[in-house]
Amino acid sequence: MSENIFDILVGSTADFSAIAIEAEHGERLSYADLNAQSARMANALFALGLRPGDRLAAQIDKSTDAIILYLATVRAGGVFLPLNTAYTPAEMAYFIGDAEPAIFVCDPARRDVLEPIAAAAGAALVTLDADGGGSLAEAAAASSAEFETVARAADDLAALLYTSGTTGRSKGAMLTHGNLVSNARTLRDAWHYGPTDILIHALPIFHTHGLFVATNVTLLSGASMILLRKFDPARIIGLMARSTVLMGVPTFYVRLLDEPGLTRDASASMRLFISGSAPLLAETHKSWEATTGHAILERYGMTETNMNVSNPYIGERVAGTVGLPLAGVEVRITDPETGVDVTAGEIGMIEVRGPNVFKGYWRMPEKTAEDLRDNGFFITGDLGRIDEQGYVHIVGRGKDLIISGGFNVYPKEIEAEIDAIDGVVESAVIGLPHRDFGEAVTAVVVPKCGAKQDPENILGTLQQRLARFKLPKKVVFVGELPRNTMGKVQKNLLRDEYFDLYGN
Ligand code: AMP
């Protein structure tokens, strides 16, 4: 049997009459509609020249058609490459030049500016907008609703997702049909997902979280999703009464907590709130539980590996941890220098292995060899430890580790102490070049509205709680921390901005 993910998500669904997607304006698509519309789209893509193994790049707004484009691409044997709608033409030139897609789909409004980029890469340029318009939508409408799904093996590529790349060039992570299917199955089982679930889908779909975790798990379960174009906290609270699951980045939960409508009653029919893509503050976890009665389930994963670790559905969801390794996924903690397992409980590099782990970086064999060991373990770049109960704690990105005066300083430990101080909303601790120390621990702090901005207050509190070498040399106050669209704090931007703070 073919292992094409399309067959597994849609083609073999138990109930074709069930609703798969409810769109922004109330339009509802059943699994039968997804089957027919993806067939039309797949026929249109084939006519445009897409052949098995070819890439299809898409820089389009979130819509039901965007989901259908993803399904049609994999159904036709193509490799789906979604791109952040915020990327500029200069950034797009890199991705399109690197991936060399056979087809490039963009919004009609961007066609003229992207035309030369598509032409240089030899890609056919077609358009699709969020309201069902564009040349590809027209071609699909005129195509047959019958399409025989192209047979694919588990090891064939289904998607190419570029990593957010906070340092250096973005790398294309090659994900196979088998990678995506295995992770969707694992998450469905881990989170007790079933046909009666209704997901509030408010994440972007150019990222692993919104495209694979949210969309694949929902379709695999025969469940439905309410597709929102963007995050709208009041709207989400309004939808909770007829939904069961929300998947979000931590910023979603912080913003929802600011809404007066968020109450125990408003969220009473929800069964699960999931958070990931960036660390959820223990404080947010606690406030959420106090306000709604639900404990957020935090999980951990990344573009290259899909999801690896999750707090349990049944059992304790521990704030500040990402939970236990998922079924079939091995997690080990190693010394970043030697690659040897650390003593139980110690901090080190998180490495993961399992059917979810990608095939390698697109056209970067050296980088692949550096990060993906011969024995199948992927070196995640995240530092963490495993506690006595087996829960994984992430202490930060390896590249965010600060080495000050020869001592390792883990930013997360200091951030947690600062965030607990009265009058502080949140903080980011970074290392900046310093003549004596090599790197100086520096705290960038967001104070609460109207709170006194007093570095001495912060330092005074920290002195009682942290070893001297961990204390920030300086505290800088800012209105907000720079974040990317997935809610991750962009420490590289802070390091650039304050590069000269110690006047080296
Ligand atoms: P991406 O490839 O964009 O999904 O980013 C993956 C990275 O996000 C991981 O390597 C982690 O550094 C971070 N990340 C994802 N989930 C979590 C989490 N629950 N807690 C802390 N960091 C996370």
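Read on for an overview of the structure. Not measured: the values here are computed from a predicted model. (Residues numbered from 1 in each chain as written. Predicted model: local features only at pLDDT ≥ 70, side-chain atom pairs only at ≥ 80, totals over all residues. Heavy atoms only, no water.)

### Topic: the overall build of the protein
Next, step 1: Counting its secondary structure elements, the protein contains 15 helices and 25 strands.
Next, step 2: Radius of gyration (C-alpha) of the protein: 23 Å, near the 23 Å computed for a compact globule of 504 residues.
Next, step 3: Overall size of the protein, expressed as C-alpha extent along the three principal axes, is 70 × 50 × 45 Å.
Next, step 4: Put simply, the protein has 504 residues, and 56% of those count as buried.
Next, step 5: Once local pairs closer than 6 in sequence are excluded, the contacts in the protein between residues at least 24 apart make up 65%.
Next, step 6: Side chains of the protein give 45 positive and 62 negative charges; the mean places of these two sets differ by 1 Å. (Helix = DSSP H or I, 4+ residues; strand = E, 2+ residues; numbered from the N terminus. Rg over C-alpha atoms; globule rule 2.2 N^0.38 Å. Buried < 20%, exposed > 50% of the residue type's maximum accessible area, 1.4 Å probe, protein only. Contact = heavy atoms within 4.5 Å. Lys, Arg positive; Asp, Glu negative; His and termini not counted. Charge placed at Lys NZ, Arg CZ, Asp CG, Glu CD.)

### A few points about empty space enclosed by the protein
Next, step 1: Under the defined criterion, the tally for this structure stands at 1 cavity of 30 Å³ or more.
Next, step 2: Computed from the structure, the largest cavity encloses a volume of approximately 40 Å³.
Next, step 3: Among the secondary structure elements, those contributing two or more residues to the lining of the largest cavity are helix 7 (177–190) and helix 8 (208–220).
Next, step 4: Class assignment of the residues belonging to the lining of the largest cavity gives a composition of 6 nonpolar, 3 polar and no charged. (1 Å grid on protein atoms, 1.4 Å probe; cavity = no way out; pocket = protein on both sides within 12 Å on 5 of 7 lines; lining within 4 Å. Points joined across faces, edges and corners; volume = space filled by probe spheres on them. Nonpolar A, V, L, I, M, F, W, Y, C, P; charged D, E, K, R; others polar.)

### What to know about the pairing of strand 19 (residues 378–386)
Next, step 1: With 7 of 9 residues buried, strand 19 is to be regarded as a mostly interior element.
Next, step 2: Bridge count for strand 17 (residues 348–353) against strand 19 is 4 bridges, and the pairing is antiparallel. Bridge pairing in strand 19 places Glu351 opposite Ile379.
Next, step 3: Two elements, strand 19 and strand 20 (residues 392–397), share 5 bridges in a ladder whose sense is antiparallel. Bridge assignment links Gly384 to a residue of strand 20, and that residue is Ile394.
Next, step 4: Here strand 19 folds back onto strand 20 in antiparallel fashion, the turn holding 5 residues, of which Gly390 has a positive phi close to 90 degrees. (Pairing = 2+ DSSP bridges.)

### Concerning the pattern of salt bridges
Next, step 1: Going through the model one piece at a time under the given rule, you end up with 23 salt bridges.
Next, step 2: Among the salt bridges present, the one from Glu24 reaches Arg235, with a minimum N-O distance of 3.0 Å. Of this pair, Glu24 sits in the loop between strand 1 (19–22) and strand 2 (28–30) while Arg235 sits in helix 9 (residues 233–239), and the two are 211 residues apart along the sequence.
Next, step 3: Note on Glu24: relative accessible area 23%, which makes it partly exposed.
Next, step 4: Among the ionic pairs, Lys452 bridges to Asp454, the shortest N-O distance being 4.0 Å.
Next, step 5: For Asp454, a relative accessible area of 22% corresponds to the partly exposed category.
Next, step 6: Residues joined in a network through salt bridges with shared partners are Arg332, Asp341, Glu351 and Arg373. (Salt bridge = Lys/Arg side-chain N within 4 Å of Asp/Glu carboxyl O.)

### Some points on the sheet that holds strand 19
Next, step 1: If you trace the 4 strands from one edge of the open sheet to the other, you get 16-17-19-20, paired in antiparallel fashion. Lying at the two open borders of the sheet, with one neighbouring strand each, are strand 16 (330–334) and strand 20. When the angles between neighbouring strand axes are averaged without regard to direction, this sheet yields 45 degrees.
Next, step 2: Taken together, the 5 bridges between strand 16 and strand 17 define a ladder with antiparallel strand orientation. Along strand 17, the bridge assignment pairs Ile333 with Ile350. (Axes fitted to C-alpha atoms, helices over the stretch in contact; angles between N-to-C directions.)

### Description of the side chain of His207
Next, step 1: Within the fold, His207 resides in the loop between strand 9 (198–201) and helix 8.
Next, step 2: Taking relative accessible area as the criterion, His207 reaches 13% and is therefore assigned buried.
Next, step 3: In this structure the side chain of His207 is engaged in a polar contact, spanning 3.1 Å, whose partner is the backbone nitrogen of His209.
Next, step 4: Leave out the neighbours within four places in its chain, and His207 touches Leu161, Phe212, Ser277 and Met486. (Polar contact = N/O pair within 3.5 Å; in protein donor to acceptor, adjacent residues only side chain to side chain.)

### A word on the packing of helix 7 against helix 8
Next, step 1: The contact between helix 7 and helix 8 brings their axes to 9 Å, and the two run at 75 degrees. Judged by the angle between their axes, helix 7 and helix 8 are roughly perpendicular. Across the interface between the two elements, Leu180, Ala184, Arg185, Leu187 and Arg188 of helix 7 pack against Phe212, Val213, Asn216, Val217 and Leu220 of helix 8.
Next, step 2: Each residue belonging to the contact of helix 7 with helix 8 can be placed in one class, and the counts come to 7 nonpolar, 1 polar and 2 charged. (Parallel < 35°, antiparallel > 145°, perpendicular 65-115°, else oblique.)

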